[in-house]
Amino acid sequence: MSEEIDLSSLYAMMRPKKVCLCKSVTESELVTAIENGCDTMEKLIDTTKASTNCGNCAGSVLVIFQREMDKKKSRIS
Ligand code: FES
């Protein structure tokens, strides 16, 4: 029994997921920016430009920001 691999689906799964479609910002870019010192939403948005167009991604950007800041805090304490 063989399974055919749909390469376009495979590539789509491997492609980094964009959190902000307008500015083409991935979750890993947001995480990296936070790791590099963006400790406020304002700094994160200024640095990555995520959520500066339609704003539909603002909630997702905030969730990622809060999650990563919680991780940083737990590493410190
Ligand atoms: S999807 Fe991020 S600003 Fe539009």
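Residues numbered from 1 in each chain as written. Predicted model: local features only at pLDDT ≥ 70, side-chain atom pairs only at ≥ 80, totals over all residues.

Engineer: In this structure, what is going on with the overall build of the protein? I would like to understand it.
Structural biologist: If you tally the helices and strands in the protein, you get four helices and two strands. Listing the helices and strands of the protein from first to last along the sequence gives α-β-β-α-α-α. Relative to the globule expectation of 11 Å for 77 residues, the C-alpha radius of gyration of the protein, 16 Å, shows a markedly less compact shape. Overall, the protein is about 55 × 35 × 20 Å in size when its C-alpha atoms are taken along their principal axes. Within the protein, the fraction of its 77 residues that count as buried is 21%. (Helix = DSSP H or I, 4+ residues; strand = E, 2+ residues; numbered from the N terminus. Rg over C-alpha atoms; globule rule 2.2 N^0.38 Å. Buried ≥ 20, exposed ≤ 12 C-beta atoms within 10 Å, placed from the backbone.)

Engineer: How do you make sense of helix H3 (residues 41-48) when you look at a structure like this?
Structural biologist: In an α-helix, one turn spans 3.6 residues, which is why side chains three or four residues apart end up on the same side. When H3 is considered as a whole, its buried residues turn out to be Leu-44, Ile-45 and Thr-48. Relative to the axis of H3, the buried residues are bounded by an arc of 95° and lie together on one face. Its buried side turned inward, H3 meets strand S2 (25-26), helix H2 (27-35) and helix H4 (58-76). (Arc of directions from axis to C-beta. Contact = placed C-beta atoms within 7 Å.)

Engineer: Hey, could you run me through the nonpolar core in this one?
Structural biologist: Across soluble globular proteins, nonpolar side chains show a tendency to be buried alongside one another. Grouped together as the largest cluster of nonpolar side chains are 13 residues, with contacts concentrated most on Val-19, Cys-20, Leu-30, Ile-34, Leu-44, Ala-50 and Val-61. Among the secondary structure elements, those contributing two or more residues to this core are strand S1 (18-20), H2, H3 and H4. For this core, the element with the highest residue contribution is H2, accounting for three residues. Beyond its immediate sequence surroundings of up to four residues, Leu-30 is in contact with Val-19, Val-25, Leu-44, Thr-48, Ala-50, Val-61 and Ile-64. (Core = buried A, V, L, I, M, F, W, Y, C linked by C-beta atoms within 7 Å.)

Engineer: Quick question: what am I supposed to make of the packing of H2 against H3 here?
Structural biologist: Between two packed helices, both the angle of their axes relative to each other and the distance between the axes serve to describe the pair. In contact at an axis separation of 10 Å, H2 and H3 are set at 120° when each is read in the N-to-C sense. Taken together, H2 and H3 sit at an angle that is classed as oblique. Classified by chirality, the crossing of H3 by H2 is right-handed. Between H2, through Glu-29, Leu-30, Ala-33 and Ile-34, and H3, the contact on the second element is made entirely by Leu-44, Thr-47 and Thr-48. (Axes fitted to C-alpha atoms, helices over the stretch in contact; angles between N-to-C directions. Parallel < 35°, antiparallel > 145°, perpendicular 65-115°, else oblique. Left-handed = near helix turned anticlockwise from the far one by under 90°.)

Engineer: Just checking my understanding: could you explain the environment of Thr-47 for this structure?
Structural biologist: Tracing the chain through its elements places Thr-47 in helix H3. Taking the C-alpha atoms as reference points, Thr-47 and Glu-29, separated by 18 residues in sequence, lie 10.0 Å from one another. Setting aside chain neighbours within four positions, we find Thr-47 in contact with Ala-33 and Cys-38.

Honestly, that's just the spatial picture; any functional story needs more than this.
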